[in-house]
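Below, each chain spelled out in residue letters.
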Amino acid sequence: MNKKLVHPLWTHLPGFLVLAVVIGYLISALPLPDEAPIHFNFNGIPDDYSSPWIVVGIVVGLSLMYISISIIIDELWARQEKQKSFNWFAPFDDITVGLLGGVFIGYIRKIDTLDFTFDFPWLEVLLMVGLALILAVITERARPYRPYEEHLEIEDVSGLESELAKRLRTGQKIAYWENQDPAYMRLLSVLLPLIMFGGAVANWASDTTASILLLVLGLLFPAFFGGMRVLVTRDTLKVKLGVLGIPLVRLNISDIDEAEVFSFSPLRDFGGYGIRMNRRMKGYFFGETKVSKLLPETRRSR
Amino acid sequence: MLIAIDENDERPIYMQIVYQVKEQVQSGDLKPGDTLPSVRELGESLGINLHTVHSAYKRLREQGVITLRLGQRAKIAKLRESPASCEEVEAVLGTRLKELTTEAFHLGISLDELRSLFENHLEVIQHKGV
């Protein structure tokens, strides 16, 4: 991923502010008892006791994790914006941190209570989430639009182009074939079904419906085994998936008006691997970073 | 992998496939571990008999260019770590070098000119970084 962020980091300040309020409240409540309830059953009755600092660690750790995830999501959003648009994912971390913070404050307030029964602290949660949400909306609205500078490197394929044109002119039969089958896909195609089958067998007696669902899903995964392949002939371009050859794309060559080859970053430009879409095109890739962009005659880019 | 079949080429179709796969391994377009299309896929794409593709793959396996395992796609084999023995080189290249010199003779090219032509080709290959 490109190191220079497009979206300003201050849009995450509400999350950090809520976290600061939580830590401030914690400091005011110090010292914490050596031992306190750290887990509760559905009725709010404690069923496990330990150092309350474990809860502090979980709340702060989870908050930082959600803020980090949100930084990635908001960055991907900003990179694919053609004009300023409200990012509905932006308040994700703030709401989550607010929820955690509200629950934590409710927890700390009762930590010294002898008969500790955990009631969901609606007031604290509503206050913290409300504050976080308002600030998140304000910062998201204030976020400036920064056009993302494309890093797609168009390759010079004029040599290949003239070579292909010559072959096509002379009536040669051509076949281009490329397979994307990285090790992680092979591993996932075997490992995930095994986990699912194991889960189905283990839960068969307690939840048969879920087990059947797991079995069906597990049976689908081997279809991915064999990766994704592109096959181009004089007449068609096909993209197929797995050993079964599930067709993903089929284009007539005559419908393609223009093609260019460029390098890209899966994470930066599409947010990951697989069958991905951004605002301008759809990509099919498991492992490569070089792709053909095809412009059909309708001029709609793919 | 790009395969083109030229019906005007004097070489049989399976040899055209063999040569093009070997050429793409040499140029680095195909790397050890890369998979090749199945016999059926390649045959249907090129509109040629499956036996022709099978013959090409069989020849490539015999020459150690690809590996074929039951139930798996053909894969580009590891490159040689050490050069072939003198006997093997002689067996594979000797006859063809003799043919080349004969063709050069009939084209009216001296052995020095043939050597220079050959060196020019080698320079082009080296220039490409192969």
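The notes below deal with the structure included here. All values derive from a computational prediction rather than experimental measurement.

Per the secondary structure count, chain A includes 8 helices and 11 strands. Counting all 302 residues of chain A, 38% fall into the buried class. Sequence-distant contacts, at least 24 apart, represent 60% of the contacts inside chain A between residues at least 6 apart. For chain A, the computed accessible surface area is about 17,400 Å², with 64% contributed by carbon and sulfur atoms.

With that settled, consider the sheet that holds strand S5 (residues 228–233) of chain A. Spatially, S7(A)-S6(A)-S5(A)-S4(A)-S1(B) is the arrangement adopted by the 5 strands of the open sheet, whose pairing is antiparallel. Every interior strand has two partners, whereas the edge strands, strand S7 (246–252) of chain A together with strand S1 (2–5) of chain B, have only one. Each adjacent strand pair in this sheet contributes to an overall mean axis angle of 15°, direction not counted. As paired elements, strand S4 (residues 173–180) of chain A and S5(A) share 6 bridges and run antiparallel to each other. Bridge pairing in S5(A) links Trp177(A) to Leu231(A).

Below, the discussion takes up a nonpolar patch on the surface. A surface patch of nonpolar side chains, about 560 Å² in accessible area, is lined by Val190(A), Leu194(A), Phe225(A), Val243(A), Leu244(A) and Ile246(A). The residue Val190(A) is located in helix H6 (residues 183–203) in this model.

Between chain B and chain A, the residue contacts involve 18 residues of the former and 13 residues of the latter. Of the roughly 1,500 Å² buried between chain B and chain A, counting both surfaces, carbon and sulfur atoms make up 52%. The interface formed by chain B and chain A includes 2 salt bridges. Here Arg229(A) makes a salt bridge to Glu41(B), at a shortest N to O gap of 2.8 Å. Taken together, the connections running from chain B to chain A amount to 8 residue pairs in polar contact (both at pLDDT 80 or more).

With that out of the way, let us pick up the side chain of Arg143(A). Residues and elements named next belong to chain A. Its location among the elements puts Arg 143 in the loop between helix H4 (122–142) and strand S3 (153–154). Among the residues examined, Arg 143 registers a relative accessible area of 5% and is labelled buried. What Arg 143 contacts, discounting residues up to four positions off in sequence, is His 7, Pro 8, Trp 10, Thr 11, Trp 77, Ala 78, Glu 81, Lys 84, Ser 85 and Asn 87.

Let us now look at H6(A). Three or four residues apart is the spacing at which side chains of an α-helix point the same way, because the helix has 3.6 residues per turn. Residue and element names in this part refer to chain A. In this model, H6 (21 residues) spans 30 Å end to end at C-alpha, consistent with the 30 Å of a helix rising 1.5 Å per residue. Those residues of H6 lying buried are Met 185, Ser 189, Pro 193, Met 196, Gly 199 and Ala 200. On its buried side, H6 packs onto helix H7 (208–220).

Cut-off values and rules
- Residues numbered from 1 in each chain as written.
- Chains lettered and ligands numbered in written order.
- Predicted model: local features only at pLDDT ≥ 70, side-chain atom pairs only at ≥ 80, totals over all residues.
- Heavy atoms only, no water.
- Helix = DSSP H or I, 4+ residues; strand = E, 2+ residues; numbered from the N terminus.
- Buried < 20%, exposed > 50% of the residue type's maximum accessible area, 1.4 Å probe, protein only.
- Contact = heavy atoms within 4.5 Å.
- Areas by Shrake-Rupley, 256 points an atom, 1.4 Å probe, with all protein chains shown as cover.
- Pairing = 2+ DSSP bridges.
- Axes fitted to C-alpha atoms, helices over the stretch in contact; angles between N-to-C directions.
- Patch = residues over 30% accessible without salt bridge, like charges linked within 9 Å, V, L, I, M, F, W, Y side chains within 5 Å.
- Salt bridge = Lys/Arg side-chain N within 4 Å of Asp/Glu carboxyl O.
- Buried area = accessible area lost by both parts, 1.4 Å probe.
- Polar contact = N/O pair within 3.5 Å; in protein donor to acceptor, adjacent residues only side chain to side chain.
- Expected span 1.5 Å × (residues − 1).

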